[in-house]
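Letter by letter, the chains look like this.
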Amino acid sequence: MSYLTRRLLTFPLVMLGVSILVFVAIRLVPGDAITAMLGTEAGLLTPAQRDALASYFGIDQPILAQYWHWLLGVFQGDLGISVTYGKPVLGVILERFPLTLQLALMSMCVALAVGLPAGVFAATRNEKLSDLGVRIFAMIGQSTPNFVVGLLIIYALSAGFGILPTMGEFTPFFTNPLRNLGQMILPAVTLGFAFAASVTRISRSAMLDVLSDDYVRTARSKGVPKRSVIWRHALPNALIPVVTLSGVEFGYLLGGAVLVEQIYALPGLGRLVLDAILQRDYALVQGCVLFIAFNFMVINLLVDLLYATLDPRIRLGEGG
Amino acid sequence: MAMLRAIFSHASGRIGGTIVVIYIVVALLGMFDVTPHNPLQQFRIDRLHAPNAVYWMGTDLFGRDVASRLMKGVGQSFLVGFCSVTLATLAGTVLGLTAAWFGKAWDALVMRVMDVLLAFPAILLALLIIAIVGPGTWTSIAAIAIVYTPIFTRVVRGPALSIKSREFVDAARTFGSSRHYILTRHLLLNLVAPLTVQVTLALAWSLLTEAGLSFLGLGTQPPASSLGLMLADSRNLMETAPWLLIFPALAIMISILGFNLLGDALRDILDPKTRSRPA
């Protein structure tokens, strides 16, 4: 069985595992499921109210039956009710998701716009001083947490120009695109910084591999200009690992923007998870985690499919 | 000694190794309270004092010495990083080795559970665990250990599978060596190289995750000191007291850089077949 077939077959199984983990995790919270759902307010319930709620939510049933009902609800888009917002969890998530998606897309653009040319530049000047400079930049970029980058940017702007980038209400893109982009560019640079460093390293490494291939040497010896050899012959083949990395990183960006959204006070999905944890809104924590994990898995699956499509030589029979 | 010589003859290894040694010394000094001042003592008359000969890195809003708190914070991040990576290494090695050795249902079960854990972005899984157990140092250690266990399991299982089918393992079985002996002497010893590289890189990630969790208020809790907490506290004061931001930020960056450089060097030294290009 090829790796991809196995990957496609195990996807629903792993998704089921994720749902079990999320379901069980929330039930491990000290106290019963009503406490998990209502938080500290559960202490105000009378025994009769508690019984009525237990029956209403079905938590007087065996755990397997509870899981089954919950899973059926998830399939129908019912992730429960957020006690903080008093609204269905899925609705709250979908309100916040566009911002996080936009942030992830913009970060990826920043990373590719900086990382790809830097990687190609360094590869074509292998072992020279400019190559060393790019490599040092990449190493520092990979070693700097995104919230440190964010804080340093905010400090530089506020100390140098008296600008506070975290001020003001967030404006959605379709309300005022220019204002929105103005608000999003610094968070995107912050989130894309380490990603740009990874793109630089991997594109440099892939370009060095490709540039030493026979077909590149042949093209050069036939008199094809250096610029054309680099951009038209070598780069397309060196892009395969970059595409894979971008896909995987994109999944992380969707789920890992918590810190950047917190620093820039952006009402995205990451901040929603954090607020839900701090306010002990467990239905919302459960819904957000499931939603992000699902997106992360789908993106990783698509990356694997794309990887095999881009490179027909790949026969991933030895995968884990 | 040969390993140390190899590390210090490698450019990245030399820089990374030096940073890591300094980091560990500072961490140990911080852990054993060998700091210029008591990190919790409030010098109220010297609040928000800029760096000088007495307060090397200045003081914070409460008049506490930033250098002492930073040393304590480095000690704290080292404790969390070291404990979580040790736990993840032990759990991942046992799971990966047994999955490779026993195969079949056990292998399938272990690897699917690891797939499930890998289906979450690392910080999200850590946040989920903290949401259940509540914030704190030991929760951070457990959360980071659980997050990185699947990576160690995979790192061990792959090579263990290939070593298991090698002739010298068959020979050991034929000679009647016990399962424990083969697993520890033949399989585990051959996995030391990839594990060493992974441990070094995982230490860098764990420092990053610990700082992030503490920054969000979900890791180390005040009044204990942590680099992430110091950065969170610096947010409202960075214009008037930039030293509150600069020193912890540099400490985090340099320590992660050190472990990353050392990890890269070790990968080059220990695994010449898959040697990565210097980057």
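Here the structure is a predicted model, which means the values were calculated and not measured. (Residues numbered from 1 in each chain as written. Chains lettered and ligands numbered in written order. Predicted model: local features only at pLDDT ≥ 70, side-chain atom pairs only at ≥ 80, totals over all residues. Heavy atoms only, no water.)

**Observations concerning the packing of aromatic side chains**
Residues and elements named next belong to chain A.
- One pass over the structure, following the stated rule, counts 13 aromatic pairs over all chains.
- When the ring of Phe-23 is compared with that of Trp-70, the centres are 5.4 Å apart and the planes differ by 45 degrees; the resulting orientation is tilted. One end of the pair, Phe-23, is in helix H1 (residues 3–27); the other, Trp-70, is in helix H4 (residues 63–75), with 47 residues separating them in the sequence. Accessibility assignment for this pair places Phe-23 and Trp-70 in one class, buried. (Phe/Tyr/Trp six-rings, centres within 6.5 Å; stacked < 30°, edge-to-face > 60°. Helix = DSSP H or I, 4+ residues; strand = E, 2+ residues; numbered from the N terminus. Buried < 20%, exposed > 50% of the residue type's maximum accessible area, 1.4 Å probe, protein only.)

**Side note on the pattern of salt bridges**
Residues and elements named next belong to chain A.
- In this structure the tally under the stated criterion is 13 salt bridges over all chains.
- One salt bridge connects Asp-131 with Arg-135, and the closest N-O pair in it is separated by 3.2 Å. In this pair, Asp-131 and Arg-135 both sit in helix H6 (residues 129–142), 4 residues apart, roughly one turn of the helix.
- Here Asp-131 ties to Arg-204 by a salt bridge, and the two come within 2.8 Å at their closest N and O atoms. Within this pair, whereas Asp-131 is found in helix H6, its partner Arg-204 is found in helix H8 (residues 177–211), the two being separated by 73 residues in sequence. (Salt bridge = Lys/Arg side-chain N within 4 Å of Asp/Glu carboxyl O.)

**Examining the confidence of the model for chain A**
- Across chain A, the average pLDDT comes to 85, with 92% of residues at or above 70.
- The secondary-structure element of chain A with the lowest mean pLDDT is helix H2 (residues 33–38) of chain A, recorded at 66, while helix H5 (residues 89–124) of chain A shows the highest, at 94. (pLDDT = per-residue confidence, 0-100.)

**Here we look at the interface of chain B and chain A**
- Opposite the 40 residues of chain B that make contact, chain A presents 52 residues.
- Both sides together, the interface formed by chain B and chain A hides about 4,200 Å², and carbon and sulfur atoms give 77% of it.
- Our enumeration of links across chain B and chain A arrives at 1 salt bridge.
- For Arg201(A), the salt bridge identified is with Asp264(B), shortest N-O distance 2.5 Å.
- Our count for the contact surface shared by chain B and chain A stands at 3 residue pairs in polar contact (both at pLDDT 80 or more).
- Mapped by element, the contributors of at least two residues to the side of chain B that touches chain A are helix H4 (104–118), helix H5 (122–133), helix H9 (192–215) and helix H11 (243–270) of chain B.
- Broken down by element, the side of chain B that touches chain A gets its largest block of residues, 10 residues, from H11(B).
- Looking at side-chain class alone, the side of chain B that touches chain A contains 31 nonpolar, 2 polar and 7 charged residues. (Contact = heavy atoms within 4.5 Å. Buried area = accessible area lost by both parts, 1.4 Å probe. Polar contact = N/O pair within 3.5 Å; in protein donor to acceptor, adjacent residues only side chain to side chain. Nonpolar A, V, L, I, M, F, W, Y, C, P; charged D, E, K, R; others polar.)

**Describing the packing of helix H7 (residues 146–161) of chain A against H8(A)**
Residue and element names in this part refer to chain A.
- In contact at an axis separation of 8 Å, H7 and H8 are set at 140 degrees when each is read in the N-to-C sense. One finds that H7 runs oblique with respect to H8. When the axes of H7 and H8 are compared, the crossing they make is right-handed. Here H7 contributes Asn-146, Val-149, Gly-150, Ile-153 and Leu-157 to the contact with H8, which in turn contributes Leu-186, Val-189, Thr-190, Leu-191 and Phe-193. (Axes fitted to C-alpha atoms, helices over the stretch in contact; angles between N-to-C directions. Parallel < 35°, antiparallel > 145°, perpendicular 65-115°, else oblique. Left-handed = near helix turned anticlockwise from the far one by under 90°.)

**A short note on unusual backbone geometry**
Residue and element names in this part refer to chain B.
- The omega torsion across Pro-222 and Pro-223 is 10 degrees, close enough to zero to call that bond cis.
- Relative to the assigned elements, Pro-223 resides in the loop between H9 and helix H10 (227–234).
- For Asp-33, which is not glycine, the phi torsion reads 60 degrees and is therefore positive.
- Although it is not a glycine, Lys-104 sits at a positive phi angle of roughly 45 degrees.
- Among the secondary structure elements, Lys-104 is positioned in helix H4.

**A word on a nonpolar patch on the surface**
- Residues Val21(B), Val25(B), Leu28(B), Leu29(B), Met31(B), Phe32(B) and Val34(B) make up a contiguous nonpolar surface patch of about 600 Å² in total accessible area.
- Positionally, Leu29(B) belongs in helix H2 (residues 11–31). (Patch = residues over 30% accessible without salt bridge, like charges linked within 9 Å, V, L, I, M, F, W, Y side chains within 5 Å. Areas by Shrake-Rupley, 256 points an atom, 1.4 Å probe, with all protein chains shown as cover.)

**Remarks on the environment of Thr149(B)**
All names here are of chain B.
- Mapped onto the fold, Thr-149 is located in helix H6 (residues 137–164).
- Its relative accessible area of 8% is what places Thr-149 among the buried residues.
- C-alpha of Thr-149 to C-alpha of Met-114: the two residues are 35 residues apart in sequence and 8.0 Å apart in space.
- Once you skip the residues sitting within four places of it in the chain, Thr-149 turns out to touch Ala-88, Ala-91, Gly-92, Leu-95 and Met-114.

**As for helix H12 (residues 269–278) of chain A**
- Among the 10 residues that make up H12(A), 7 are buried, leaving the element largely enclosed by the rest of the structure.
- Next to the buried residues of H12(A) lie H5, helix H11 (258–263) and helix H13 (282–310) of chain A together with H5 of chain B.

**Let's talk about a positive patch on the surface**
Residue and element names in this part refer to chain A.
- A grouping of Arg-125, Lys-128, Arg-220 and Lys-226 is seen on the molecular surface, where their side chains present a positively charged patch.
- One can find Arg-220 in helix H9 (residues 214–221).
- For Arg-220, a relative accessible area of 44% puts it in the partly exposed group. (Lys, Arg positive; Asp, Glu negative; His and termini not counted. Charge placed at Lys NZ, Arg CZ, Asp CG, Glu CD.)

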